[in-house]
Amino acid sequence: MTHEDLEQLIARTAMGERAAFADLYMQTSAKLFGICLRVLDDRTEAEEVAQEVYVKIWRRADRYRVNGLSPMTWLITIARNTAIDRLRRRRDAQPGLELAETLADTAPGPEEQVMQSGERAQIAACLGELNANRAEAVRRAYLGGETYADLAAHFDVPLNTMRTWLRRSLLKLRECLTR
């Protein structure tokens with residue numbers, strides 16, 4: 001499915017078209033569920049969060065703006081942020097757990113298996129163009145679900161420096177992916 005096809009499905013979903021929403025779900029649910037599962041490391045909880053994600057997509061489809069970037073980025077951001085919010089609520093509900101105990105395993109998970117396409121190879125190549133610390137920070141933030149504060153502590157840099165690292169790294173990745 002092309003970017004344009006996904007943009008059309010999102011636009012039709014924004015107009016309340018249930019068939020378009022069903023198609024959007026069929027085309028993206030495996031990838032978005034994989035992201036939820038990767039962040040949460042709990043299948044039942046990931047299923048619940050994936051349902052929340054699609055409720056948000058249904059309600060917020062009118063907020064998506066065609067800007068030349070991948071619509072999957074928008075969808076993945078919703079899934080990732082919703083899963084991280086759930087992870088934080090879980091951690092807050094169990095104050096005795098250390099953060100390391102609540103994070104997903106770094107071994108390849110379902111979302112990585114789903115992303116075996118050329119897109120994955122291109123993303124990996126573009127990540128390879130980044131400084132090793134920056135690439136690791138991007139992976140930990142966007143695949144591992146770590147917060148900016150956690151990353152700043154891990155890399156022993158100020159919080160605003162970490163934000164700058166991630167912002168600049170994402171800009172470089174976007175530039176690389178559009179070549």
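Only a predicted model underlies this, so the values are computations on that prediction, with no experimental measurement involved.

A. Representation of the packing of aromatic side chains within the structure. Counted according to the given criterion, the structure contains five aromatic pairs. Summarising the aromatic geometry, the rings of Phe 155 and Trp 165 are spaced 5.6 Å apart at their centres and angled 65 degrees between planes, so their arrangement reads as edge-to-face. Here Phe 155 is found in helix H9 (residues 148–155), whereas its partner Trp 165 is found in helix H10 (residues 159–177), with ten residues between them in sequence. For the pair Phe 155 and Trp 165, one class covers both residues: buried. Taken together, the ring pairs connect Phe 21, Tyr 25, Tyr 54 and Trp 58 into an aromatic cluster. Between Arg 134 and the ring centre of Trp 165, over which it is positioned, the NZ or CZ distance is 3.9 Å.

B. The confidence of the model for the protein chain, seen in detail. Of all residues in the protein chain, 84% have pLDDT values of 70 or greater, and the mean over the chain is 84. Between the elements of the protein chain, mean pLDDT differs from a low of 51, seen in helix H6 (residues 110–114), to a high of 95, seen in helix H3 (residues 43–60).

C. Molecular detail of the state of the cysteines. Taken as a whole, this structure holds one disulfide when the rule is applied. The partner cysteine of Cys 126 in its disulfide is Cys 176, sulfur to sulfur 2.0 Å. With the S-S dihedral at roughly -80 degrees, the linkage between Cys 126 and Cys 176 falls on the left-handed side. Of this pair, Cys 126 sits in helix H7 (residues 118–128) while Cys 176 sits in helix H10; the two residues are 50 residues apart in sequence, bridging distant segments of the chain. Using a relative accessible area of 3% as the deciding quantity, one classes Cys 126 as buried.

Reading guide: rules and limits
Residues numbered from 1 in each chain as written. Predicted model: local features only at pLDDT ≥ 70, side-chain atom pairs only at ≥ 80, totals over all residues. Heavy atoms only, no water. Phe/Tyr/Trp six-rings, centres within 6.5 Å; stacked < 30°, edge-to-face > 60°. Helix = DSSP H or I, 4+ residues; strand = E, 2+ residues; numbered from the N terminus. Buried < 20%, exposed > 50% of the residue type's maximum accessible area, 1.4 Å probe, protein only. Lys NZ or Arg CZ within 6 Å of the ring centre and 35° of its normal. pLDDT = per-residue confidence, 0-100. Disulfide = S-S within 2.5 Å.

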